[in-house]
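Close look at the chain arrangement
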Amino acid sequence: MTAQPDIANLRAAPVERRPILEARDVSKRFVKRLDLAGRIARRLGSSIREETVHAVDGVNLTVGAGEVVGLVGESGCGKSTFGRMVAGILPPTEGSLAFDGKPVWQGGKVAGHDTALAIQMIFQDPFASLDPRMRVEEIIGEAPLVHGMVGRKGLADYVAETMLRVGLDPDFRRRYPHQFSGGQRQRIGIARALAVKPRFLVCDEAIAALDVSIQAQVINLFMDLRADLDLTYLFISHDLSVVEHIADRVVIMYLGRVVEVAATEDIFDAPNHPYTQALLSEVPRIELRRRQYQPVKGEIPSPLDPPSGCHFHPRCPHATERCRIERPALKEIAPDRWSACHLND
Ligand code: SF4
């Protein structure tokens, strides 16, 4: 779903590029345990094994302070898993994540309260992420109270101020989540995140579940908050057109790997990677590009058994024998433009 008609170009003027988030060779694997039948078969001598899902495979990414980075790819490409590792929800299997020079993870645990609070996540389904038994004032006020950011005496004012900041009427503070619309519930989720004074927001398909008209309002809210509170965003979406107007840079992921990174204008003006081109062909408003690029064919392969070489080769119209054998490295093809495709050699 897109929300462009009501969205002006919200990208800011040149952003400060001091790195605030640095991911180095970050990977995440999930082991799919054998079910009962599988365990019995193994005991009886079968060679059946547990399967491993390579959800994220060696991702390197730097996000500058104040920057909005759009992380885009089809469902199952690992972008949400990467976002959860950044937000301190899932530990990486390999690699390191640093926020403001300090590790996010240490020994499989979130390294410290400060980092955990500084990076907050906004989820796709605001209803599922809000406790239906809690009043809005509790949802928003709980974490800052627990972490000593506000005392009981000042809590009501603190909650009211946070609600106003996201466009909610503080008179509704004693209501429950089900008494709000979808857009309002997402504002409650944003208020809950803001209440602990984060510096970095990971927005995981944060507008995907909302009506188109509401999507535009929530995107505008995110960008107002960026300007007012000096926030940095990792904006995860399956839809390139959602990030077009808000992201400074776009990172394209395919089956756990980053395949292209470029300034948003460059991605839209001259996408390099065949997968990015295929995604662009599906952006409905860009008629010329739709004619120019071929849409992506078929389903994304299973991360349980990803294709050899370039993961994209079974769907790529330009694939050669080399693509089936050799993994293309992510290379700088122009200043601040990176792509992982043998066609650039
Ligand atoms: Fe296509 Fe080969 Fe480039 Fe992969 S490396 S995107 S298969 S041309």
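Quick summary incoming for the structure in this document.

To continue, consider the pattern of salt bridges. One pass over the full model with this rule turns up 17 salt bridges. Arg324 is paired through a salt bridge with Glu321; the nearest N and O atoms lie 3.2 Å apart. Of the two residues, Arg324 and Glu321 both sit in helix α12 (residues 321–325), three residues apart, roughly one turn of that helix. Between Asp345 and Lys331 there is a salt bridge, with its nearest N and O atoms 2.9 Å apart. Remark: Lys331 occurs in strand β13 (residues 331–334) and Asp345 occurs in the segment after β14 (337–339); sequence separation between them is 14 residues. Taking the relative accessible area as the measure of exposure, Asp345 reaches 53% and is therefore exposed. Each of Arg322, Glu326, Lys331 and Asp345 takes part in one network of salt bridges that share partners.

Attention now moves to the packing of aromatic side chains. Taken as a whole, this structure holds seven aromatic pairs when the rule is applied. When the ring of Tyr254 is compared with that of Phe312, the centres are 5.0 Å apart and the planes differ by 80°; the resulting orientation is edge-to-face. One end of the pair, Tyr254, is in strand β11 (residues 249–254); the other, Phe312, is in the loop between α11 (287–292) and α12, with 58 residues separating them in the sequence. Side by side, Tyr254 and Phe312 carry an identical accessibility label, which is buried. Members of the aromatic cluster, each reached through a chain of ring pairs, are Phe222, Tyr233 and Phe235. The aromatic ring of Phe172 is capped on one face by Arg175, whose charged end is 3.9 Å from the ring centroid.

Another aspect to go through is the sheet that holds strand β9 (residues 200–204). Ordered by their spatial adjacency, eight strands build an open sheet running β8-β9-β10-β3-β11-β12-β14-β13, and the pairing between neighbours is mixed. Two strands lie at the open edges of the sheet, namely β8 (119–122) and β13, each paired on one side alone. Mean inter-strand twist for the sheet, computed between neighbouring axes without regard to direction, equals 25°. In the sheet, β13 pairs with β14 via three bridges, with the strands oriented antiparallel. The residue of β14 that forms the bridge with Ala334 is Arg337. Along the sheet face, helix α2 (residues 79–86) touches β3 (68–72), β8, β9, β10 (232–237) and β11 and points at about 155° away from the line of β10. Here helix α7 (residues 212–229) sits on the sheet in contact with β3, β8, β9 and β10, set at roughly 160° to β10.

Although it is not a glycine, Lys197 adopts a positive phi angle of roughly 55°. With respect to the helices and strands, Lys197 occurs in the loop between α6 (182–194) and β9. With relative accessibility at 56%, the residue Lys197 sits in the exposed group. The phi angle at Glu205 is positive, at roughly 50°, despite the residue not being glycine. Looking at the element boundaries, Glu205 is found in the loop between β9 and α7.

Analysis parameters
Residues numbered from 1 in each chain as written. Predicted model: local features only at pLDDT ≥ 70, side-chain atom pairs only at ≥ 80, totals over all residues. Heavy atoms only, no water. Salt bridge = Lys/Arg side-chain N within 4 Å of Asp/Glu carboxyl O. Helix = DSSP H or I, 4+ residues; strand = E, 2+ residues; numbered from the N terminus. Buried < 20%, exposed > 50% of the residue type's maximum accessible area, 1.4 Å probe, protein only. Phe/Tyr/Trp six-rings, centres within 6.5 Å; stacked < 30°, edge-to-face > 60°. Lys NZ or Arg CZ within 6 Å of the ring centre and 35° of its normal. Pairing = 2+ DSSP bridges. Axes fitted to C-alpha atoms, helices over the stretch in contact; angles between N-to-C directions. Contact = heavy atoms within 4.5 Å.

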